[in-house]
Amino acid sequence: MPASTAKSTPKTKFPTIADVQKRLGHVPESRILSFPAPGTATVQDLLDGSITGDRGCELVDGILVEKTMGFRDDYFGSRLIILLGQFLELNNLGAVAGAQGLIRFKLDLVRVPDVSFIRWDSVDDPNEIENPAGAFLEVPPDLAVEVLSPSNTQREMEIKLAEYAKAGVKLVWFVDPERKEVDVYPKGNPKRKKTLGVNDELDGGTVLPGFAVKVLRIFESRAPKNLKAQSNKTQPKPKKRQ
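Nothing here was measured: the structure is a model prediction, and the numbers come from that model.

> Describe the overall build of the chain, naming the residues involved and giving the relevant values.
A tally of regular secondary structure across the chain gives 8 helices and 12 strands. For the chain, the residues scored as buried account for 42% of the 242 residues in total. Of all intrachain contacts in the chain linking residues separated by at least 6 positions in sequence, the fraction that spans at least 24 positions is 57%. Total accessible area on the chain stands at roughly 14,600 Å², and carbon and sulfur atoms take up 53% of it.

> Describe the layout of surface pockets, listing the residues and the values that go with them.
Roughly 370 Å³ of volume is contained in the largest pocket. Along the wall of the largest pocket there are 17 residues; nearest its centre are Arg55, Gly56, Cys57, Ala99 and Gln100.

> Can you lay out the environment of Tyr164 for me, pointing to particular residues and giving the numbers?
Positionally, Tyr164 belongs in helix H6 (residues 154-167). As a C-alpha pair, Tyr164 and Ala144 span 20 residues in sequence and 7.9 Å in three-dimensional space. Beyond its immediate chain neighbours, meaning those up to four positions away, Tyr164 contacts Phe105, Arg111, Pro113, Ala144, Glu146, Val169 and Val172.

> Which residues make up the pairing of strand S11 (residues 201-204), and what values do they have?
Every second residue of S11 is oriented toward a common face, the buried set being Leu202 and Gly204 and the non-buried set Glu201 and Asp203. Connecting S11 to the next strand, strand S12 (residues 208-214), in antiparallel fashion are 3 residues, including Gly205 with a positive phi near 55 degrees.

> Would you mind going over empty space enclosed by the protein in detail, with residue names and values included?
Considering all chains together, one arrives at 1 cavity of 30 Å³ or more under this definition. Considering only enclosed or pocket space, the largest cavity measures out at about 30 Å³ in volume. Lining the largest cavity, in full, are Leu24, Val27, Arg31, Glu58, Val60, Val65, Arg111 and Glu156. Residues of the lining of the largest cavity, tallied by class, amount to 4 nonpolar, no polar and 4 charged.

> Account for the pairing of strand S4 (residues 103-106), with residues named and values stated.
Where S4 and strand S5 (residues 109-111) come together, 3 bridges link them in antiparallel fashion. By the bridge assignment, Ile103 is partnered in S5 with Arg111. Joining the antiparallel neighbours S4 and S5 is a turn of 2 residues.

> Break down the packing of aromatic side chains for me, citing the residues and quoting the values.
Taken as a whole, this structure holds 6 aromatic pairs when the rule is applied. Ring centres of Tyr75 and Phe76 lie 5.4 Å apart, and the angle between their planes is 75 degrees; on these two criteria the pair is classed as edge-to-face. Members of the aromatic cluster, connected to one another through ring pairs, are Tyr75, Phe76 and Phe219.

> Lay out unusual backbone geometry with the relevant residues and their values.
Most peptide bonds take the trans form, and the phi angle of most residues other than glycine is negative. Between Phe35 and Pro36 the backbone carries a cis peptide bond, its omega angle lying at -5 degrees. In this fold, Pro36 is placed in the loop between helix H1 (17-24) and helix H2 (43-46). Phi is positive for His26, which is not a glycine, with a value near 55 degrees. By the element assignment, His26 lies in the loop between H1 and H2. The phi dihedral of Asp61 falls on the positive side, at around 50 degrees, and the residue is not glycine. Relative to the helices and strands, Asp61 is located in the loop between strand S1 (57-60) and strand S2 (63-66). Take Asp61: its relative accessible area is 13%, and that puts it in the buried class.

> Can you explain the sheet that holds strand S7 (residues 143-147)? Please cite residues and give values.
Taking strand neighbours across the sheet as the criterion, the 6 strands line up as S3-S6-S7-S8-S9-S10 in an open arrangement whose pairing is mixed. Of all strands in the sheet, those bounded by a partner on one side alone are strand S3 (94-97) and strand S10 (194-196). The average angle at which neighbouring strand axes cross in this sheet is 15 degrees, direction not considered. As paired elements, strand S6 (residues 115-119) and S7 share 3 bridges and run antiparallel to each other. The residue of S7 that forms the bridge with Phe117 is Leu143.

> Any chance you could break down H6 for me, citing the residues and the numbers?
With 14 residues, H6 extends 20 Å from end C-alpha to end C-alpha; this agrees with the ideal 20 Å at 1.5 Å per step. Among the residues of H6, Glu156, Met157, Ile159, Lys160, Leu161, Glu163 and Tyr164 are the ones counted as buried. Downstream of H6 by one or two residues, Gly168 has phi in the positive range, about 95 degrees.

What counts and what doesn't
- Residues numbered from 1 in each chain as written.
- Predicted model: local features only at pLDDT ≥ 70, side-chain atom pairs only at ≥ 80, totals over all residues.
- Heavy atoms only, no water.
- Helix = DSSP H or I, 4+ residues; strand = E, 2+ residues; numbered from the N terminus.
- Buried < 20%, exposed > 50% of the residue type's maximum accessible area, 1.4 Å probe, protein only.
- Contact = heavy atoms within 4.5 Å.
- Areas by Shrake-Rupley, 256 points an atom, 1.4 Å probe, with all protein chains shown as cover.
- 1 Å grid on protein atoms, 1.4 Å probe; cavity = no way out; pocket = protein on both sides within 12 Å on 5 of 7 lines; lining within 4 Å.
- Points joined across faces, edges and corners; volume = space filled by probe spheres on them.
- Pairing = 2+ DSSP bridges.
- Nonpolar A, V, L, I, M, F, W, Y, C, P; charged D, E, K, R; others polar.
- Phe/Tyr/Trp six-rings, centres within 6.5 Å; stacked < 30°, edge-to-face > 60°.
- Axes fitted to C-alpha atoms, helices over the stretch in contact; angles between N-to-C directions.
- Expected span 1.5 Å × (residues − 1).

In structure tokens:
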């Protein structure tokens, strides 16, 4: 019997684009990098600027997916970092990082919370936090914060929340600039979700004991009103020529 000439189809983790979308939570296609082929990307690809360009990406089961980020998202993330930083200057409980803080949860899963905090006593050697051996923090944070963006899908955030819970993140905050609310998930558990509005107080629980701040302080406008008009009033008037 002659040997079959039909080529065997190589096995892939994601045979179709629909499988890729399902894994990512049906994010906009514009956020999914096509090279390397979804399912084959590595941490080296994630760190290769010639591949990612100026796009901040996460690695999800071998898929490079752009993390939603804009000035407004970073602004509110920075507000939280300032508030947390002020508290940590007086209470040296751990380290806080922003949207450049890559965290590897497993071999092919690297997430980048908008804000993350890890306690010194969560690791045997705190120096591993300040001076990690590579580009990633290799231990899960105690607090992970995501600033929600219009291109985030509900399913995408459900997947992230489940990943954080599985990794052992003790506290997750989803900050929503549109609603001006913060969704709090102890241990990433959606059944324990608590939504806080601008009149409520956000606290750090057992992760950041003693930290508490009005939600309003995260979202309040800090832009001076009528700054140009005030500036004109303070400028000396030019003298008239005699």
